[in-house]
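Take a look at the letters that make up each chain.
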Amino acid sequence: MRYIDAQEILEFEQRFRATFINSLGGFKSLCLIGTVNENSLTNLAVFNSFFHIGANPPLFGLIVRPDAVERHTLENIRKKKYFTVNHVNEKIVKQAHQTSARYSLEQSEFTETGLTPEFINNFSAPYVKESFIKIGAYCIREISIEENGTILLINRFENIICPENIIGRDGFVNLEMAGSLTCSGLDSYHTTKQISRLSYAKPGKPVEQIP
């Protein structure tokens, strides 16, 4: 076993450190964020920082890197407030990864990667047609994280589009059945395999597997 202290981490080469630290947190949500600017130009970017905040009201968070350089997704969300979250599946994983390239403001990642923007029920931001789980969202507010300049966006669910058969009787969404992928680090993509669902834990009661 290797012991690595805080000072050694800081002394790692920059790209090595970024890859190392990004990998340590384990598997993360993988999604494509769809936005549009004031000139109706669509934008698409891959994110792995989506996380649950609460179910009542339904909220989720999104971490965006510092805005010291152009962040088209962040700029569009700040101006328009509405955006979409689209799960990545195996058929579009390469296109999703390619959206992380630094395209110019005039270039739409949809066009550059061959993915299809889809506008549904007059929602102002584009969904990814090839995605099987899509979420329409509204950004409520942003919080600056002083320690490293990143930005936390707090968002509410506006709508959800997904196959009917992946929603269980108790509300559980079967992401595996939908083909949603997960990721680790900055560039490693994974399918999932469920081991089990377990019953609600209570003191003195054995945990049971949910069928």
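Bear in mind the structure is a predicted one, so any value in this text is a computation, not a measurement. (Residues numbered from 1 in each chain as written. Predicted model: local features only at pLDDT ≥ 70, side-chain atom pairs only at ≥ 80, totals over all residues. Heavy atoms only, no water.)

*Asks:* Can you walk me through the overall build of the chain in this structure?
*Replies:* A tally of helices and strands in the chain yields six helices and 12 strands. Taken against the 2.2 N^0.38 rule, which gives 17 Å for 211 residues, the C-alpha radius of gyration of the chain at 19 Å falls within 12% of a compact globule. Oriented by its inertia axes, the alpha-carbon framework of the chain measures out at about 60 × 50 × 30 Å. Counting across all 211 residues of the chain, residues that qualify as buried make up 35%. In the chain, the share of contacts with a sequence separation of at least 24, taken over all contacts with a separation of at least 6, comes to 58%. Accessible surface, the chain: about 13,400 Å² in total, of which carbon and sulfur atoms supply 53%. On the chain, the mean spot of the 22 positive side-chain charges and the mean spot of the 23 negative ones are 5 Å from each other. (Helix = DSSP H or I, 4+ residues; strand = E, 2+ residues; numbered from the N terminus. Rg over C-alpha atoms; globule rule 2.2 N^0.38 Å. Buried < 20%, exposed > 50% of the residue type's maximum accessible area, 1.4 Å probe, protein only. Contact = heavy atoms within 4.5 Å. Areas by Shrake-Rupley, 256 points an atom, 1.4 Å probe, with all protein chains shown as cover. Lys, Arg positive; Asp, Glu negative; His and termini not counted. Charge placed at Lys NZ, Arg CZ, Asp CG, Glu CD.)

*Asks:* Is there a simple way to think about the nonpolar core in this case?
*Replies:* Note on soluble globular proteins: their nonpolar side chains tend to be buried together. Of all hydrophobic cores here, the largest spans 17 residues; its most connected members are Ile 33, Phe 47, Phe 50, Leu 62, Phe 83, Val 85 and Leu 153. Put simply, the parts of the chain that give this core at least two residues each are strand S2 (31-36), strand S3 (42-47), strand S5 (58-64), helix H3 (72-80), strand S6 (82-87), strand S9 (134-144) and strand S10 (151-161). Phe 50 has contacts with Ser 29, Cys 31, Phe 60, Gly 61, Leu 62, Val 85, Ile 135 and Phe 157, leaving out every residue within four places of it along the chain. Among the nonpolar cores identified, the runner-up in size contains 13 residues, and Val 46, Ile 92, Val 93 and Val 128 belong to it. (Core = buried A, V, L, I, M, F, W, Y, C linked by side-chain atoms within 4.5 Å.)

*Asks:* Sorry, what's going on with the layout of surface pockets here?
*Replies:* Volume-wise, the largest pocket comes out at about 1,600 Å³. Val 46, Val 64, Arg 65, Arg 71 and Leu 186 are, among the 42 residues lining the largest pocket, the residues nearest its centre. Of all the secondary-structure elements, those providing two or more residues to the lining of the largest pocket are helix H2 (14-24), S3, S5, H3, strand S11 (182-184) and strand S12 (188-190). For the lining of the largest pocket, the element with the most residues is H2, which contributes six residues. Residue classes in the lining of the largest pocket are distributed as 16 nonpolar, 17 polar and nine charged. (1 Å grid on protein atoms, 1.4 Å probe; cavity = no way out; pocket = protein on both sides within 12 Å on 5 of 7 lines; lining within 4 Å. Points joined across faces, edges and corners; volume = space filled by probe spheres on them. Nonpolar A, V, L, I, M, F, W, Y, C, P; charged D, E, K, R; others polar.)

*Asks:* Even after reading the chapter, I still don't get empty space enclosed by the protein, so can you show me in this structure?
*Replies:* If you roll a probe as big as a water molecule over the atoms, it shows you where there is empty space left. Inspection of the entire model under this criterion finds one cavity of 30 Å³ or more. The volume enclosed by the largest cavity comes to roughly 50 Å³. The wall of the largest cavity is formed by Asn 37, Leu 41, Thr 42, Asn 43, His 72, Asn 76, Leu 105, Gln 107 and Glu 109. Its residues placed into classes, the lining of the largest cavity shows two nonpolar, six polar and one charged.

*Asks:* How should the environment of Ser 104 be read in this particular structure?
*Replies:* Turning to its location among the elements, Ser 104 is positioned in the loop between helix H4 (93-98) and helix H5 (109-113). On the accessibility criterion, Ser 104 (30% relative accessible area) is partly exposed. Linking Ser 104 and Leu 59, residues 45 residues apart in sequence, is a C-alpha distance of 31 Å.

*Asks:* Hey, could you run me through the environment of Ile 133 in this one?
*Replies:* Topologically, Ile 133 is positioned in the loop between strand S8 (127-128) and S9. Sequence-wise, Ile 133 and Phe 50 are 83 residues apart; in three dimensions their C-alpha atoms are separated by 14 Å. Once you skip the residues sitting within four places of it in the chain, Ile 133 turns out to touch Val 85, Asn 86, His 87, Ile 161, Cys 162, Ile 166, Val 173, Leu 175, Ala 178 and Ser 180.

*Asks:* Sorry if this is basic, but what is going on with the environment of Leu 153 here?
*Replies:* Tracing the backbone shows Leu 153 in strand S10. In this structure Leu 153 comes out as buried when scored by relative accessible area, which is 1%. As for Leu 153 and Asn 48, which are separated by 105 residues in sequence, their C-alpha atoms are 14 Å apart. Contact partners of Leu 153, with chain neighbours within four places excluded, come to Phe 60, Gly 61, Leu 62, Val 64, Leu 74, Ile 77, Cys 139, Arg 141 and Glu 142.

*Asks:* Help me understand the pattern of salt bridges in this model?
*Replies:* Between side chains of opposite charge, pairing is possible as soon as their charged atoms come close. What the rule picks out here adds up to six salt bridges. Here Lys 134 ties to Glu 118 by a salt bridge, and the two come within 3.5 Å at their closest N and O atoms. Separated by 16 residues along the polypeptide, Lys 134 in strand S9 and Glu 118 in strand S7 (residues 117-118) bring together distant segments of the chain. The salt bridge involving Arg 197 is made with Asp 170; its shortest N-O contact spans 3.0 Å. Of this pair, Arg 197 sits in the segment after S12 while Asp 170 sits in the loop between S10 and helix H6 (175-178); the two residues are 27 residues apart in sequence, bridging distant segments of the chain. (Salt bridge = Lys/Arg side-chain N within 4 Å of Asp/Glu carboxyl O.)

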